[in-house]
Amino acid sequence: MEKIVFEKSDIRDFVKITIAEKIEKLKNFIEFTLEASRDIKKTPKYDSMREEMQEEIYQMQRQLGALNDLNRNMAKVLNTATEKVQLGSLVITNKARFYISVSLGEFFFEGDRFYAISPESPMAKKMNGMKPGDEFTLNKIHQKIVEVL
């Protein structure tokens, strides 16, 4: 990978906006499903349909709780430059780009692929405390840290 300049604050903002959009979308789905469950007319399948909708609402509320946790955890992520890999670091390796923040997974920012990973993930634990030039192997994949922002 050629050296590209990334603004960590832009990536942090992008992750925060992505989480906020997912929360808003899920809230809308929950509201829609609640309204739909109120509109069900009494039919022979009434009870089973309402039960299925209640289960769907319950699952969405659990997802909403998890997204709210991600949102709270993002508030703890530092936005300052780091020399060693830690919470808030943007780590560029010879194979991928990792943002040590929350477990959001793969995302694309300005055409580049990134992975937002939790500091509790095996990858983040493996890289923790490392600096540019350090190398590591995880799951039989060898990587070299090119840059830590």
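Everything here concerns the structure above.
The following paragraphs examine the structure supplied in this document. Treat the numbers as computed from the prediction; the structure is a model and nothing was measured.

The grouping of Asp-47, Glu-51, Glu-52, Glu-55 and Glu-56 at the surface amounts to a negative patch. Tracing the backbone through its elements, the reader meets Glu-52 in helix α2 (residues 46–74).

So, on to the pairing of strand β5 (residues 135–138). Here β5 shows a buried face lined by Phe-136 and Leu-138 and an unburied face lined by Glu-135 and Thr-137. Across four bridges, the pairing between β5 and strand β6 (residues 141–148) is antiparallel. What sits directly across from Phe-136, in β6, is Gln-143. Here β5 folds back onto β6, and the loop between the two strands holds two residues, one of which, Asn-139, carries a positive phi near 55°.

Take the pattern of salt bridges next. Scanning the model with the defined rule gives four salt bridges in all. The residue Arg-97 makes a salt bridge to Asp-112 at a minimum N-O spacing of 3.7 Å. Remark: Asp-112 occurs in strand β4 (residues 112–117) and Arg-97 occurs in strand β2 (residues 97–100); sequence separation between them is 15 residues. On the accessibility criterion, Arg-97 (9% relative accessible area) is buried. Classification of Asp-112 by relative accessible area gives buried; the value is 18%. Between Glu-120 and Lys-125 there is a salt bridge, with its nearest N and O atoms 3.9 Å apart.

Considering all chains together, one arrives at five aromatic pairs under this definition. With a centroid separation of 6.3 Å and 70° between ring planes, the pair formed by Phe-109 and Phe-114 is classed as edge-to-face. You'll find Phe-109 and Phe-114 in the same group, each marked buried. Three or more aromatic residues joined by ring pairs form one cluster here, namely Phe-14, Phe-107, Phe-109 and Phe-114. Here the guanidinium or amino end of Arg-97 rests over the ring plane of Phe-114, the centre of that ring lying 5.8 Å away.

Here we come to the pairing of strand β3 (residues 105–109). For β3 and β4, the ladder comprises five bridges, and the chain directions are antiparallel. Looking at the pairing, Phe-109 lines up with Asp-112 of β4. As consecutive antiparallel partners, β3 and β4 are separated by two residues, and within that stretch Glu-110 has a phi angle of approximately 50°, a positive value.

The rules behind these values
- Residues numbered from 1 in each chain as written.
- Predicted model: local features only at pLDDT ≥ 70, side-chain atom pairs only at ≥ 80, totals over all residues.
- Heavy atoms only, no water.
- Patch = residues over 30% accessible without salt bridge, like charges linked within 9 Å, V, L, I, M, F, W, Y side chains within 5 Å.
- Areas by Shrake-Rupley, 256 points an atom, 1.4 Å probe, with all protein chains shown as cover.
- Salt bridge = Lys/Arg side-chain N within 4 Å of Asp/Glu carboxyl O.
- Lys, Arg positive; Asp, Glu negative; His and termini not counted.
- Charge placed at Lys NZ, Arg CZ, Asp CG, Glu CD.
- Helix = DSSP H or I, 4+ residues; strand = E, 2+ residues; numbered from the N terminus.
- Buried < 20%, exposed > 50% of the residue type's maximum accessible area, 1.4 Å probe, protein only.
- Pairing = 2+ DSSP bridges.
- Phe/Tyr/Trp six-rings, centres within 6.5 Å; stacked < 30°, edge-to-face > 60°.
- Lys NZ or Arg CZ within 6 Å of the ring centre and 35° of its normal.

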